[in-house]
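Overview (structure and organization)
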Amino acid sequence: MSSARSIVEDLDLEVEFDAPIGAEMTWYKVGGRADVLVRPRSVEALCSLMRRCNETGTTARVLGSGANLLIADEGVDGIVIHLDHAAFREVSTIHRHRVHRAGVEGRAGDAMRVMAGKSLERLVMSAATQGLSGIECMAGVPASVGGAIRMNAGGKFGCIGDAVVAVGCINLNGDLVVHEGPDVTFEYRRCSIIDPVILWTELALTADDPARTHAKVKEIFAYKKQSQPMAANSAGCVFRNPPASDGSGRLVSAGELIDRAGLKGYSVGGASISERHANFFTAEPGTSANDIIALIDHAAKVVAEHSGYELVREVVVWKRH
Ligand SMILES: Cc1cc2nc3c(=O)[nH]c(=O)nc-3n(C[C@H](O)[C@H](O)[C@H](O)COP(=O)(O)OP(=O)(O)OC[C@H]3O[C@@H](n4cnc5c(N)ncnc54)[C@H](O)[C@@H]3O)c2cc1C
């Protein structure tokens, strides 16, 4: 911890040692503490921090809204970075003469530049209120904008990557880099960016009738609410949908595989497989991260025995190295 302390001490950021991130900053509300949690106040401070982490071999992890994260009970080492200072929540309008990206090529007009720490839920609501269409499909997805880009969050109605025209990042050396055009691609729950920090994104949104954008958001939110246990502590879908074994490229629902293996309602300690959506594993207050990990391992084993599919975790687990 002493090297982490010396890295951060003269930078423009807030520092908290032994911070309870698992219980207080994730949607699971379980798991341990971070040795060092920092909240940079400026982009410059964040660049310097990343440079120093690289030079000293210190692990740096970015925590978004914690909606896809499980923190191990023993906590995490290195430095956890939270981008919730005002500088990382700004939204501005950028005029683009031409937007270059597959699918949105040639569309000109205004794009919205959104800093990575902005709440996606708030962004979706404010775009709908302004009658800006393009991200209604993200209704009901809890995320920071940076976390949503990293995971290419989305679902049945579309993904955030569909609206992205550029992404600004900080690389390992602490330099600012911009990815646009063919330089940034999105696939199912994955984006091509490997830089450690996503700093901002530009989204191409089109003008629409606010009544229509609002109605779309409401409809998608209602669909999610009736099909997923939104009020329970969880991290959304635990496993990625695997590619079908027939080689067609089609994805098979991991939830259906878990359901067919008879696991709905199965529990380990306070962690249970949801009756409403079998790919959501929920946690009662006081559950340990170890119970959730044991439940994840058990489900993967039973599904492999039952159907032959090897499920891959979508939830990101942070542990000590
Ligand atoms: C009730 C519920 C419903 C959900 N429904 C959906 C859904 O419909 N579709 C869907 O796709 N997901 C869903 N999820 C999962 C979650 O909303 C997404 O994965 C979301 O993208 C996570 O964003 P986050 O900011 O919370 O990221 P976190 O959970 O904080 O982090 C996830 C990963 O992203 C990285 N990361 C975060 N911010 C940055 C950054 N600025 N720079 C670099 N890396 C970063 C983290 O290091 C980590 O590896 C759901 C989760 C819950 C709890």
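First things first, this report covers the structure right here in the doc.

Definitions and limits used
- Residues numbered from 1 in each chain as written.
- Predicted model: local features only at pLDDT ≥ 70, side-chain atom pairs only at ≥ 80, totals over all residues.
- Heavy atoms only, no water.
- Helix = DSSP H or I, 4+ residues; strand = E, 2+ residues; numbered from the N terminus.
- Buried < 20%, exposed > 50% of the residue type's maximum accessible area, 1.4 Å probe, protein only.
- Contact = heavy atoms within 4.5 Å.
- Areas by Shrake-Rupley, 256 points an atom, 1.4 Å probe, with all protein chains shown as cover.
- Lys, Arg positive; Asp, Glu negative; His and termini not counted.
- Charge placed at Lys NZ, Arg CZ, Asp CG, Glu CD.
- Polar contact = N/O pair within 3.5 Å; in protein donor to acceptor, adjacent residues only side chain to side chain.

**What about the overall build of the protein chain?**
- Of the regular secondary structure elements, the protein chain holds 8 helices and 20 strands.
- If one aligns the C-alpha atoms of the protein chain with their principal axes, the spans along those axes are about 55 × 55 × 35 Å.
- Every one of the 321 residues in the protein chain was classed for burial, and the buried ones make up 51%.
- For the protein chain, the proportion of contacts with a sequence separation of at least 24, taken over those separated by at least 6, is 68%.
- As displayed, the protein chain offers around 14600 Å² of accessible surface, 50% of which is attributable to carbon and sulfur atoms.
- Side-chain charges of the protein chain comprise 34 positive and 39 negative groups, with the mean position of each set lying 4 Å from the other.

**What about unusual backbone geometry?**
- The phi torsion at Lys-29 lies on the positive side, around 60°, for a residue other than glycine.
- Structurally, Lys-29 can be placed in the loop between helix H2 (21-25) and strand S2 (34-40).

**Details of the side chain of Arg-39**
- Mapping Arg-39 onto the fold places it in strand S2.
- Here the side chain of Arg-39 touches Asp-84 through a polar contact of 3.2 Å, side chain to side chain.
- Those residues within four positions of Arg-39 in sequence are excluded, and the remaining contacts are Leu-13, Glu-14, Glu-16, Met-25, His-82 and Asp-84.

**Structural notes on the environment of His-95**
- Residue placement: His-95 occurs in strand S6 (residues 91-96).
- Note on His-95: relative accessible area 51%, which makes it exposed.
- Linking His-95 and Arg-113, residues 18 residues apart in sequence, is a C-alpha distance of 9.9 Å.

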